[in-house]
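Summary of the model geometry
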Amino acid sequence: MDIARSDIVISTAGRDKGKLFFVLGTEEDFLLLADGKTRKLESPKRKKRKHARFQAHSDCRVAEKIRSGEKFTNSELRRTLAQTGGDGNPDQEG
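First, a word on scope: everything that follows refers to the structure included in this document.

What counts, and at which threshold
- Residues numbered from 1 in each chain as written.
- Predicted model: local features only at pLDDT ≥ 70, side-chain atom pairs only at ≥ 80, totals over all residues.
- Heavy atoms only, no water.
- Helix = DSSP H or I, 4+ residues; strand = E, 2+ residues; numbered from the N terminus.
- Buried < 20%, exposed > 50% of the residue type's maximum accessible area, 1.4 Å probe, protein only.
- Polar contact = N/O pair within 3.5 Å; in protein donor to acceptor, adjacent residues only side chain to side chain.
- Contact = heavy atoms within 4.5 Å.
- 1 Å grid on protein atoms, 1.4 Å probe; cavity = no way out; pocket = protein on both sides within 12 Å on 5 of 7 lines; lining within 4 Å.
- Points joined across faces, edges and corners; volume = space filled by probe spheres on them.
- Nonpolar A, V, L, I, M, F, W, Y, C, P; charged D, E, K, R; others polar.
- Salt bridge = Lys/Arg side-chain N within 4 Å of Asp/Glu carboxyl O.

1. Regarding the overall build of the protein
Within the protein one finds 2 helices and 5 strands. In sequence order, the protein lays out its α and β elements as β-β-β-β-β-α-α. Classification of the 94 residues of the protein by burial places 38% in the buried group.

As C-alpha cells, this is what we get:
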C-alpha cells in the first residue's frame, strides 16, 4: 500500500524503530514524520519510505487537519497516536 499524507506509519529502522508517526508530507523517496513528542511539528523527521511501514489510514480530526492544511498541535498528535497504538506503545502518550 502506498503511504500518503495523514497516514499513520510505524518506523522499521533506526533509533525510533517501533514508534508510531503521522505522515505530514511526502517527497519522492522520503516521508516527513512527526509524533508530537520526540519529533515535533516544527522539525519533522525525514525518513526513507523503505524504513517505514503503513500502520493505518486515519479519519480522525488530526488527519483531517493535516489533509486540509489547518493548524494543529503536538499534543493532538500525541493523544491520537496513543489511542491508535493501544497498549503497544505506552511511552507515546504524553
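Having seen the model, we can carry on.
2. Observations regarding the side chain of S58
Tracing the chain through its elements places S58 in the loop between β5 (52–57) and α1 (61–68). For S58, a relative accessible area of 8% gives the class buried. A polar contact is formed between the side chain of S58 and the backbone nitrogen of C60, at a distance of 3.3 Å. What S58 contacts, discounting residues up to four positions off in sequence, is S6, I8, F22, A63 and R67.

3. Examining the environment of V23
Among the structural elements, V23 can be located in strand β2 (residues 20–27). Spatially, the C-alpha atom of V23 lies 10.0 Å from that of R46, the residues being 23 residues apart in sequence. Contacts of V23, omitting those with residues within four sequence positions, involve I3, A4, R5, S6, D7, V9, L31, L32, L33 and I66.

4. Points about the layout of surface pockets
If you roll a probe as big as a water molecule over the atoms, it shows you where there is empty space left. Volume-wise, the largest pocket comes out at about 160 Å³. Taken together, the residues of the lining of the largest pocket sort by class into 1 nonpolar, 2 polar and 6 charged.

5. Quick word on the pattern of salt bridges
Pairing is possible between side chains that carry opposite charge, provided their charged atoms lie close to one another. In this structure the tally under the stated criterion is 7 salt bridges. R67 serves as the salt-bridge partner of D59, at 4.0 Å between the closest nitrogen and oxygen. Take R67: its relative accessible area is 37%, and that puts it in the partly exposed class. Here E70 and R61 are joined by a salt bridge, their closest N and O atoms 3.1 Å apart. Residue classification places R61 among the partly exposed residues on the basis of a relative accessible area of 44%. A network of salt bridges, in which partner residues are shared, links R61, E64 and E70.

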